[in-house]
Amino acid sequence: MTDTKPATPTSLPEELADKLRPHHFLIAAFLLAYPLIASDFWIVQIGAQTFFMGLIGLSLMLLAGYGGMVSLAQLAIAGLAGYIYAILGENSMNLGLGWPWWVVIPLALAIAVAFATIVGTLSVRTEGIYTIMITLAMSVALFYFCQQNYSIFNGFKGYAGLAPPQVFGIDWRAPVPFYYLALAVGALGYFGVLWLSRSTFGIALQAIRDNPRRMAALGYNVRAHRIAAYAVAGLLAGFGGLFLVWFNGRISPGTINVGNAINILVIAILGGLRRPIGPFIGALIFLLLDNFAIDLIDRDRFNLVIGAAFLAVVLFSPDGVLGLWDGLKRRLAKTAAERGKDMRVR
Amino acid sequence: MKLFLLTFMNGLTLAALYFLVASGFTLVFGLMRNVNLAHGSLYLLGAYIGFSTAQWTGSWYLGVAAGFFGMALVGLALQIFVFRHMEGQDLRQTMVTIGISIVLADIMLWIWSGNTYQFQAPDMLSGVAHVPLVRVYPAYRLVVLGVAIVIGVGLWLFLNKTAIGMMIRAGVDDRAMLSATGVNVHLIFAVTFAIGAGLAGFAGVVGGTALSIAPGEDVRYLLASLIVTIVGGMGSITGAAIGALLIGLAEQFGLAYSPTYGVVYTFLIMVAVLAFRPQGIMGKRA
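Quick caveat: nothing in here was measured; it's all calculated off a predicted structure.

## Overview of the overall build of chain B
Item 1. Summing up its helical and strand segments, chain B has 11 helices and 2 strands in all.
Item 2. Helices (α) and strands (β) of chain B occur, in sequence order from the N terminus, as α-α-α-α-β-β-α-α-α-α-α-α-α.
Item 3. By the compact-globule yardstick of 19 Å for 286 residues, chain B fits well, its C-alpha radius of gyration being 19 Å.
Item 4. With 286 residues in all, chain B has 57% of them scored as buried.
Item 5. Of all intrachain contacts in chain B linking residues separated by at least 6 positions in sequence, the fraction that spans at least 24 positions is 77%.
Item 6. As displayed, chain B offers around 11,800 Å² of accessible surface, 70% of which is attributable to carbon and sulfur atoms.

## Looking at the packing of aromatic side chains
Item 1. For the structure on display, the rule yields 22 aromatic pairs over all chains.
Item 2. On the basis of an interplanar angle of 75° and a centroid distance of 5.2 Å, the ring pair of A:F243 and A:W246 is categorised as edge-to-face. One end of the pair is A:F243 and the other is A:W246, both in helix α10 (residues 222–248) and 3 residues apart, which spans about a single turn.
Item 3. Relative to B:Y61, the ring of B:W60 lies with its centre 5.5 Å away and its plane at 80°, an arrangement referred to as edge-to-face.
Item 4. Residue B:W60 is classed as buried on the basis of its relative accessible area, which comes to 11%.
Item 5. B:Y61 sits in the partly exposed class, given a relative accessible area of 43%.
Item 6. Three or more aromatic residues link up through ring pairs in this structure, and these residues are A:F52, A:Y85, A:F178, A:F243, A:W246 and A:F247.

## As for helix α4 (residues 74–88) of chain A
Residues separated by three or four positions in an α-helix point in the same direction, a consequence of the helix having 3.6 residues per turn.
Item 1. For α4(A), with 15 residues, the first-to-last C-alpha span of 21 Å sits near the 21 Å given by 1.5 Å per residue.
Item 2. With respect to burial, α4(A) is a largely interior element, 15 of its 15 residues being buried.

## Examining the interface of chain A and chain B
Item 1. Opposite the 37 residues of chain A that make contact, chain B presents 40 residues.
Item 2. On the chain A side of the contact with chain B, A:I129, A:Y130 and A:M133 bury the most area, a combined 20% of that side's loss.
Item 3. Linking chain A with chain B are 0 salt bridges, by the criterion used here.
Item 4. Taken together, chain A and chain B are joined by 0 residue pairs in polar contact (both at pLDDT 80 or more).

## Overview of the pattern of salt bridges
A side chain with one charge may pair with a side chain of the opposite charge, provided their charged atoms come close.
Item 1. Here the structure, examined in full by the defined rule, presents 2 salt bridges over all chains.
Item 2. A salt bridge links A:R209 to A:D210, with the shortest nitrogen-to-oxygen separation between them at 3.0 Å.
Item 3. Among the residues examined, A:R209 registers a relative accessible area of 31% and is labelled partly exposed.
Item 4. Across the pair B:E217 and B:R220 runs a salt bridge whose closest N-O atoms are separated by 3.7 Å. Of the two residues, B:E217 and B:R220 both sit in helix α9 (residues 217–232), 3 residues apart, roughly one turn of that helix.
Item 5. On the accessibility criterion, B:E217 (14% relative accessible area) is buried.

Criteria and cut-off values
- Residues numbered from 1 in each chain as written.
- Chains lettered and ligands numbered in written order.
- Predicted model: local features only at pLDDT ≥ 70, side-chain atom pairs only at ≥ 80, totals over all residues.
- Heavy atoms only, no water.
- Helix = DSSP H or I, 4+ residues; strand = E, 2+ residues; numbered from the N terminus.
- Rg over C-alpha atoms; globule rule 2.2 N^0.38 Å.
- Buried < 20%, exposed > 50% of the residue type's maximum accessible area, 1.4 Å probe, protein only.
- Contact = heavy atoms within 4.5 Å.
- Areas by Shrake-Rupley, 256 points an atom, 1.4 Å probe, with all protein chains shown as cover.
- Phe/Tyr/Trp six-rings, centres within 6.5 Å; stacked < 30°, edge-to-face > 60°.
- Expected span 1.5 Å × (residues − 1).
- Buried area = accessible area lost by both parts, 1.4 Å probe.
- Salt bridge = Lys/Arg side-chain N within 4 Å of Asp/Glu carboxyl O.
- Polar contact = N/O pair within 3.5 Å; in protein donor to acceptor, adjacent residues only side chain to side chain.

So, in structure tokens, the structure goes:
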């Protein structure tokens, strides 16, 4: 179990080589070959969307799982990156500044990180449930601001006609390139967080989650570590936000409303906050429900289905689907061990 | 000058509504350390149930009673069937209430559809009132203000002068110590939760009459309660009153004088309070 073993800083390649199992290769091969066997709907709606929704969920997992801070502002941060991309780049409303992509994308990410740092600076003053409340309040403040502001954010309508830039002569909006781009960034985020969790910073962050007082007494700057976690999470969310606007082709205040902000929490909790793979699993389940709930139950009752699924998870398996999986493995291992013991006794 | 006074009056009415919703929220939060993020859903559900009752019986007063007692029962059920089983797990309780609010919002949309409803207040309470300087003002809004003041004073008396109130206050300060003195903490929790939820339902009917009822109001009042509690400090009725006044006035003045950024003022107040007094104006340090 990864969670019972005391974490020590090791280099990621070593750790990886140690942990690699045949099924990891199978999954990697499957993800790479997936566009060859799936239809466009499955490639983009389910495949690519899983990666970037998972990425935004991952930013929450990093904060909540390793830092113990549940932030509901992650979608707002992602949305801000999307907005900046729309405002500085090109959009169909002729309102964009039309700057080149290699300026716009880094700038959008930088502003997302800056905003995340502000959110972090304010919310690390609070703890536990207060953090949820203040991040929720801040994300709603941004939502209203975008909705009311016409000079920068174009108010209620937002921006449309957004597309990924044409780089290397490839149309990144086409299903297969978009899938691979999302896969690449998603994988980068996943391994980045995995690496971070084993770095000195990540271990200090987890120690702060478990006992902030002791870490402060040891001379660690608790607040700086937490704010830095927010900044890193902001970068992940920023990337997710870019994909979000590329995928939708538009952004409006509705993209970052409370319901959607809570959906990110649902995604992260559904999957499980213990390991970076959780949010991706959560995103996959969420999107499958999102697209196929209509077949199961009356149209428009999607929120009922997702709400019930979320309730079931928080009531019966606080660690999400990952927790269920771990529990199953533990039970299997236990019964196997017990069987072995019984045999010895006899 | 007239605009100023009118805005001031509107701000006071809104503050009265916010106080009604947030006082229950802050009590439950302060006592049980449980952020009930389904509080806004209780407001909206109370409003809908009150509306349907009023339609059915033709009596507005019965609608108000249905809103209060219906939600008090729902609150009681939540406490007994959900929260009692996860005591001390703050985060899990919060998640569960988020789940409940998603499900409730969809069920309400299912039953009452997306229409906007408006109540008719009884003739005795509606019409116009003559207020000095403003001249005419909707009488019902003054009623809301009066009701909020009466309930505020009542809550204060209940908390400060009765045995149960004292236990609740003791619980806010130190829950473990309270149960160590042999008080039935579960009973106290149930009473507090019923009152808090009932007040939300009551505010739903009263607020639904002053403004209107529509899907999405649940989120609005939940956020208002959150901000009022953050600003006022958790577990304090006086804090809730101060917070509600600040937020209600800021919202209305923002709306009247700078419509574009009205909401931002509310947010700025919250940031300022957090920066200088993280526990809220009347809050105590945990």
